[in-house]
Amino acid sequence: MAKQKGIIKLTGKIGDLSFYKSKDGYLAREKGGVDGERIKNDPAFARTRENGSEFGLAANAGKTLRDAFRPMMMRAADNRVTSRLTKVMSSIRKLDTTSDRGNRSVGVAIQNQGAKDILKGFNFNVRSKLNTILYRPLSLDPGTGEIQIVDLVPTNHIVAPANSTHVSFTSAWANVDFVNGTYELALSAPSNLPLDSTQSTVAVAPASAPTATGTAVYILLLEFFQEINGTQYSLNNGGYNAMNIVDVA
């Protein structure tokens, strides 16, 4: 992979060279590799096919989780969250100790506590990680989905971006079925606080628990706002917001 230089940037194919635009700029690469039909049918590539199958299962599991929390991700996610989450899911599916190679899946592996521990703590926005902006312990009631932060003093316990005046907390609980690709999401009402020295206890919980079967995933979302003439505006289109998997059960 090579970077294109010069005033004119190319996209498309010229001979064996492919020119394209990516998040890293305009790039070029040479056509190569093994023929696709051979990979599909040649016994010598059986391991390759198995690896490809399991990568696909991991990617689907990541998509299911992203779909479950899409309403929140629209306010707090970086542009590489898909690939980062797929990598996490790939690590999780390796803990499937019962399925044949090529069929190991997150849906089976997630039953293990070790797999849940891998997913716990995932940050959807690496530009704003929860443990780098919130310096106060939080507690979770898995029966209600309530997340509580006791004796929070925003100016002391929150690293807020410049020009922000308010912070909002929202909790979410989704039961995610990684086997069938289904989910049910329950959201709390946001708790909005001024970024001042007032001490308070934040408690956010969904109005009711999701009833669908699946793995319980609990999330906390922090959003920053700037108030102008009585209206609060999100900063940098959500670029400073944090969204974190608090627990998996």
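Residues numbered from 1 in each chain as written. Predicted model: local features only at pLDDT ≥ 70, side-chain atom pairs only at ≥ 80, totals over all residues. Heavy atoms only, no water.

## Digging into unusual backbone geometry
Item 1. The phi dihedral of Asn163 falls on the positive side, at around 75°, and the residue is not glycine.
Item 2. Inspection of the secondary structure puts Asn163 in the loop between helix H8 (154-157) and strand S7 (166-177). (Helix = DSSP H or I, 4+ residues; strand = E, 2+ residues; numbered from the N terminus.)

## Notes on the pairing of strand S9 (residues 191-194)
Item 1. Here S9 shows one buried face, formed by Ser191 and Leu193, and one open face, formed by Asn192 and Pro194.
Item 2. Pairing of S7 with S9 involves four bridges; the strand directions are antiparallel. If you follow Val167 over to S9, its bridge partner there is Leu193. (Buried < 20%, exposed > 50% of the residue type's maximum accessible area, 1.4 Å probe, protein only. Pairing = 2+ DSSP bridges.)

## Regarding the packing of aromatic side chains
Item 1. For the structure on display, the rule yields two aromatic pairs.
Item 2. Ring centres of Phe122 and Phe124 lie 5.1 Å apart, and the angle between their planes is 85°; this geometry places the pair in the edge-to-face category.
Item 3. On the basis of relative accessibility, which here comes to 8%, the residue Phe122 falls in the buried class.
Item 4. Ring plane angle 40° and centroid distance 5.2 Å describe the contact between Trp173 and Tyr218, whose orientation is recorded as tilted. Separated by 45 residues along the polypeptide, Trp173 in strand S7 and Tyr218 in strand S11 (residues 215-228) bring together distant segments of the chain. Neither residue differs from the other here; Trp173 and Tyr218 are each classed as buried. (Phe/Tyr/Trp six-rings, centres within 6.5 Å; stacked < 30°, edge-to-face > 60°.)

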